[in-house]
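# Analysis of the macromolecular model
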Amino acid sequence: MSQQHDVYYVPSKSQWPIVAAVVMFLTVFGAAHWLNAEPGDTGFGKTVIAIGAVGVLGMFFGWFRSVIKESLAGNYNHQVDTSFRMGMMWFIFSEVMFFGAFFGALFYIRNFSVPWLGGEGHGVLTHQYLYEAYSGSWGVAGGNGPLHVGGAFSVVQPWGLPLLNTLILLTSSVTVTIAHHALRAGHRGRILLFLGLTVLLGATFLYCQAHEYMEAYKELNLTLHSGVYGSTFFMLTGFHGLHVTLGTIMLAVIWCRVLKGHFNKEHHFGFEAVAWYWHFVDVVWLGLFLFVYIL
Amino acid sequence: MAHEATHDHHDHHHAPQGFFQRWVMSTNHKDIGTLYLVFSLTMFFIGGSFAMVIRAELFKPGLDLVQPYFFNEMTTMHALVMIFGAIMPAFVGLGNWMIPLMIGAPDMALPRMNNLSFWILPFAFALMLSTLFLPGGGPAGGWTMYPPLSLQSSSLAYVVFAIHLMGISSIMGAINIIATILNMRAPGMDLLKMPVFVWSWLITAFLLIAVMPVLAGAVTMLLTDKYFGTSFFNPGGGGDPVLYQHVFWFFGHPEVYIMILPAFGIISEIVPTFARKPIFGYRAMVYAIACIAFLSFIVWAHHMFAVGLPLGADIFFMYATMLIAVPTGVKVFNWVATMWGGSMTFETPMLFAVAFIILFTIGGFSGLMLALVPADFQYHDTYFVVAHFHYVLVTGAAFAIMGGTYYWLPKWTGHMYNEFWGKVHFWCSVVFVNVLFFPQHFLGLAGMPRRIPDYNVAFANFNMISSIGGFLFGASQLIFLGVVVHCAFFARKKAADRVWEGAKGLEWTVPSPAPHHTFEVPPVVRDEELAHGHVDD
């Protein structure tokens, strides 16, 4: 960090990229094998997924460990810091576009495909010949399509658990911001308290989400198979849940790093990157709450 | 790790010794660029051999050589390998090699991630190509993987995961390029003094980050529809197969420009060098690229005119598509104006650049014809489309890559390639590529459908001509391989630092071959060293 600015920094060689490529390959190869497994399969795919997944965790641990070491050794100058920031910002942008694909699918299904199947617009003939009884409405009445794929279902009411989850995530965004201010002011106790609270809120959110899924499957008969309603509901909330899981793990790691004293007032990009990510996850949830649960 | 990191800036001006250390654990943009280029060339020949199978089957009517399913595997794999394995990695390789040299940076901004971006690719393609040997066969529903056809293939999961890996690789590569260009420029290298190639890559990288995740989303929905019982593309459950096409082409159209914008950049480097004039209308060139990139997001449904879109959508996408001709026309005009009155010489890179300008423009015009909704109803899914996109991808993207390779090869290897054999390669390529693809326009206009292994005898003559052109074009590429291998390992003639008399820019101020580490301290850039130092328009 004390690097002079007139010298460029290029990191040393590292084994982690090739390790990462191998373990990622193992994970998806195992997954593809598992998805195509015939009855009576030996479980080869699952074994390979497990090896790959453990490898991915180990790779992240090892790679970040070496980066943290180099950071603490003061190797990274201002320019490296800016590169890291840009990397994280554009990564989050790519995540936005990933969710955009699923939100786009939701809008298309609600505004076009379902009404068209119900006979609107240029769907008149399809409706008349194939699905005359179909109303083309969303939700309980027609959300699983003209063939009622998955059978009758009920929807999750927005003003119960989802509202609570909204409040939890919004609160967690506030607590992580308080922790950030505490970090800049140098109050370690307050950082640990509020960052810890954020981790707990994230975990609570996940607990509520899991509870909601169980209820949906057991009591509402709302499953991944419930036509496009179930498809969009579980894909959007599911991918969001995965991101919250990832974010919570990252926050927990940052909490440990704060405990170890890795950050100071000026240099705490690791903290900020995770905070950005957390805000991003929060904003996606607001979109979900509005478009998946309420509307 | 830490002790290695501390002596980083002082060590090696030369490459490290161990083979594994140098090529697999690399953090060096030149080595990683070379890996990308070698990988791309390998994939070019693998994808090319698939094309040879296609042309052999189509040599005369009747099912002579291969089974229809295998033919469909070949068309699918040819496209996937050429797009994701040959063209895109070639551009990333050229960007890796040249961007840091062009902007005075020591390396890419995130060198280890750079290495990961590359090393994901061989694994991804191993995964994808392995499906050809699986019991159920490889994907055979076309590279666009439209449902419901693609959902019938048992190899779908392998291909989807391979595409996820390629997407991760592309996104990381693009993030790296943006961070490099925005953060690592030497003092004095203002944004509007950067070479056009760097500009084209900056905008391409933005497109990659914006659309690769959308492709990931589209293929993930295919995966869950096939294996997890979702109904995204199943009308019985309220979905719509056309939804897939919308999401796919929202990725697919910017992807088309991902494969051509860096080519524009390469041509914009080559033409001024051999015309010995600064590029005409530098700013217009940059703005045109940005404009094309913007328009690429609002034209996707022109790939789907025949699926039954609402009339308003047809009309909007038709006009938006035709708008793209305006900035593209600006670029073609400016390349020609750059040559106008220049003292031109025609070394191999320039020959490829001139051929690019002419033949890419032909591909652009057939694209305009396809943009017209009523005309597209006739041309859709015929060989006219095949001819169109091969003119923009082979004589466009691939010619630019070959031209760029000849242009920078002496800088990479320190030796001049053999100019005579380079020219032989060029003339063989440019003649045979037209024998290969030009008749396909006529076949398409006469109604020959694409992706079908057999055809009406009425199409026999043009197909035979096209196949002969295809075999000879394929064979011509062996000359390219020979010239590159010769230059890299056997050539004697040393290349000067400024390889080409008219070449301007930072990359020509460093020695040939470029040392393992360049610009360990930021160079001070003076305007007169730059190709675009004096921007006065």
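Quick summary incoming for the structure in this document. (Residues numbered from 1 in each chain as written. Chains lettered and ligands numbered in written order. Predicted model: local features only at pLDDT ≥ 70, side-chain atom pairs only at ≥ 80, totals over all residues. Heavy atoms only, no water.)

### Observations regarding the interface of chain B and chain A
Tallying the contact residues gives 78 residues for chain B and 69 residues for chain A. A buried area of about 6300 Å², summed over both sides, lies between chain B and chain A, and 73% of it is on carbon and sulfur atoms. At the surface where chain B touches chain A, the tally comes to 1 salt bridge. Here Glu70(A) and Arg112(B) are joined by a salt bridge, their closest N and O atoms 2.9 Å apart. Joining chain B to chain A, the criterion identifies 14 residue pairs in polar contact (both at pLDDT 80 or more). For the side of chain B that touches chain A, the secondary-structure elements that each account for two or more residues are α1 (2-6), α2 (19-23), α5 (111-130), α6 (156-183), α7 (196-227) and α8 (241-258) of chain B. Its residues assigned to classes, the side of chain B that touches chain A shows 48 nonpolar, 22 polar and 8 charged. (Contact = heavy atoms within 4.5 Å. Buried area = accessible area lost by both parts, 1.4 Å probe. Salt bridge = Lys/Arg side-chain N within 4 Å of Asp/Glu carboxyl O. Polar contact = N/O pair within 3.5 Å; in protein donor to acceptor, adjacent residues only side chain to side chain. Helix = DSSP H or I, 4+ residues; strand = E, 2+ residues; numbered from the N terminus. Nonpolar A, V, L, I, M, F, W, Y, C, P; charged D, E, K, R; others polar.)

### Focus: the side chain of Thr144(B)
Residue and element names in this part refer to chain B. Assignment of secondary structure puts threonine 144 in the loop between α5 and α6. The exposure class assigned to threonine 144 is buried, which follows from its relative accessible area of 4%. Non-local contacts of threonine 144, meaning those with residues more than four positions away in its chain, are made with Tyr244, Phe248, Trp249 and Arg451. (Buried < 20%, exposed > 50% of the residue type's maximum accessible area, 1.4 Å probe, protein only.)

### Regarding unusual backbone geometry
For the peptide bond that leads from Pro147(B) to Pro148(B), omega is 0°, which places it in the cis range. Residue placement: Pro148(B) occurs in the loop between α5 and α6. For His148(A), which is not glycine, the phi dihedral falls at a positive 50°. When you line up the elements, His148(A) lands in the loop between α4 (124-129) and α5 (161-185). Of note in this structure, Asn221(A) is not a glycine but carries a positive phi near 55°. Of note, Asn221(A) is situated in the loop between α6 (188-220) and α7 (227-259). We classify Asn221(A) as partly exposed; its relative accessible area is 31%.

### Concerning the packing of α5(A) against α6(A)
Residues and elements named next belong to chain A. The geometry of α5 relative to α6 is characterised by a closest axis approach of 8 Å and an angle of 160° between their N-to-C directions. Our classification of the angle between α5 and α6 gives roughly antiparallel. Here α5 runs over α6; the crossing is left-handed. For the contact of α5 with α6, a count of residues per class yields 17 nonpolar, 8 polar and 2 charged. (Axes fitted to C-alpha atoms, helices over the stretch in contact; angles between N-to-C directions. Parallel < 35°, antiparallel > 145°, perpendicular 65-115°, else oblique. Left-handed = near helix turned anticlockwise from the far one by under 90°.)

### Some words on the pattern of salt bridges
Think of it this way: side chains of opposite charge can pair up when their charged atoms draw near. Taken as a whole and assessed by the stated rule, the structure comprises 10 salt bridges over all chains. In this structure, the salt-bridge partner of Lys423(B) is Glu419(B), at a minimum N-O distance of 3.9 Å. Note that Lys423(B) and Glu419(B) are positioned in helix α16 (residues 419-445) at a spacing of 4 residues, about one turn of the helix. In this structure, a network of salt bridges that share partners links the residues Asp81(A), Arg85(A) and Glu272(A).

### A closer look at the side chain of Thr224(B)
Within the fold, Thr224(B) resides in helix α7. Excluding anything up to four places from it in sequence, Thr224(B) contacts Met235(A), Gly229(B), Thr230(B) and Phe232(B).

### Observations concerning the packing of aromatic side chains
All names here are of chain B. Scanning the model with the defined rule gives 83 aromatic pairs over all chains in all. With 5.7 Å between their ring centres and 75° between their planes, phenylalanine 44 and phenylalanine 45 make a pair best called edge-to-face. Residue class for phenylalanine 44 comes out buried when judged on its relative accessible area of 16%. Here phenylalanine 45 falls in the partly exposed class, since its relative accessible area comes to 25%. Ring centres of phenylalanine 426 and tryptophan 427 lie 4.9 Å apart, and the angle between their planes is 75°; on these two criteria the pair is classed as edge-to-face. (Phe/Tyr/Trp six-rings, centres within 6.5 Å; stacked < 30°, edge-to-face > 60°.)

By themselves these figures say nothing about function.
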